[in-house]
Amino acid sequence: MSGKPIRRPLIIRRLGCVEYRPVAERMKAFTGERAPDTCDEVWILEHEPVYTSGIRNVRRPGKGAPDIPVVKSDRGGEMTYHGPGQLIAYFLLDIRQRGMGPRLLVEQLESLVIDALSDYGLVASRRAGAPGVYVEGRKIASLGLHTTASYCYHGLSINVRMDLTPFGHIDTCGIPDLEVTQLADHVEGVSVADTADRLERRVLERFVVQSA
């Protein structure tokens with residue numbers, strides 16, 4: 001599928017700072033139980049500290065890594081870290097009804113982040129062969145999705161104001177020596193709450209049908 005996604009109604013939920021595993025199970029259950037008339041949802045949240053690995057990843061954090069849980073996920077991609085100060089957006093979408101294949105979905109989520117960061121005056125970009133969003137060559141946002149012919153869940157993370165140290169004990173997204181950055185390194189006084197507000201506005205612009 002190509003072109004622009006079809007805009008449809010959408011519910012946005014703010015979940016606060018929560019553990020990873022219960023939310024992942026809730027996403028899977030929501031998707032398994034949904035019907036053609038189930039409204040799409042986007043969940044905006046932070047996670048308690050956790051390493052997550054994608055379906056093809058078999059590695060673990062390196063020697064000396066902090067005592068942080070490691071959870072096997074059913075999303076695509078490699079290992080990454082989530083923790084307080086990182087903004088998460090999970091997209092529970094009917095991609096068939098929205099006219100979106102996996103490639104277009106990834107492009108749309110990357111564009112969503114690039115647009116949100118431009119609100120801060122930052123120039124962000126993609127990187128060939130390495131999904132996500134980069135600022136000055138360093139990764140600031142990651143993507144990981146679970147898709148079927150009809151539905152998707154999981155989504156994206158944006159490093160806002162967090163402890164980046166745990167990234168130093170893994171090959172982030174499977175790329176050795178990949179440098180990461182965060183909004184706080186580029187924007188004075190930035191907060192997760194403000195970034196969430198900006199991201200939500202961009203989600204509504206890009207994915208939700210606008211009333212006349």
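Keep in mind it's a predicted model, so treat the numbers as computed, not measured.

(A) Up close: the pattern of salt bridges. Counted under the stated rule, the structure contains twelve salt bridges. Across the salt bridge formed by Asp40 and Arg8, the nearest N and O atoms sit 3.5 Å from each other. You can see Asp40 sitting in strand E2 (residues 40–47) and its partner Arg8 sitting in the segment before strand E1 (10–18), a full 32 residues away along the chain. Summarising the burial analysis for this pair, Asp40 and Arg8 share the class buried. Salt-bridge contacts for Asp40 lead to Arg98; the nearest nitrogen and oxygen are separated by 2.6 Å. Of the two residues, Asp40 sits in strand E2 while Arg98 sits in the loop between strand E6 (86–94) and helix H2 (102–118), which places them 58 residues apart along the sequence. Arg98 matches Asp40 in its accessibility class, with the two residues each being buried. Through salt bridges that share partners, Arg8, Arg34, Asp40 and Arg98 make up one connected network.

(B) Here's a closer look at the packing of aromatic side chains. Counted under the stated rule, the structure contains four aromatic pairs. Their ring planes at 70° and their centres at 6.3 Å tell us that Phe30 and Trp43 sit as a pair that is edge-to-face. With Phe30 in helix H1 (residues 20–33) and Trp43 in strand E2, this residue pair connects regions lying 13 residues apart in the sequence. The residues Phe30 and Trp43 share a single accessibility class, namely buried. Across from the ring centre of Trp43, 4.6 Å away, lies the NZ or CZ of Arg26, which sits over that ring. Across the ring face of Tyr120, the terminal group of Arg198 is positioned such that the distance to the ring centre comes to 4.2 Å.

(C) Geometry of the sheet that holds strand E5 (residues 80–82). Spatially, three strands are ordered E4-E3-E5 in an open sheet, and the strand pairing comes out mixed. What marks the edges here is a single partner per strand, and that holds for strand E4 (70–72) and E5. For this sheet the average axis-to-axis angle between neighbouring strands, irrespective of direction, equals 30°. Bridge count for strand E3 (residues 50–53) against E5 is three bridges, and the pairing is antiparallel. Its bridge partner being in E5, Thr52 is matched across the sheet by Thr80.

Reading the values: the criteria
- Residues numbered from 1 in each chain as written.
- Predicted model: local features only at pLDDT ≥ 70, side-chain atom pairs only at ≥ 80, totals over all residues.
- Heavy atoms only, no water.
- Salt bridge = Lys/Arg side-chain N within 4 Å of Asp/Glu carboxyl O.
- Helix = DSSP H or I, 4+ residues; strand = E, 2+ residues; numbered from the N terminus.
- Buried < 20%, exposed > 50% of the residue type's maximum accessible area, 1.4 Å probe, protein only.
- Phe/Tyr/Trp six-rings, centres within 6.5 Å; stacked < 30°, edge-to-face > 60°.
- Lys NZ or Arg CZ within 6 Å of the ring centre and 35° of its normal.
- Pairing = 2+ DSSP bridges.
- Axes fitted to C-alpha atoms, helices over the stretch in contact; angles between N-to-C directions.

Such coordinate-based values are descriptive only and should not be taken to indicate function.
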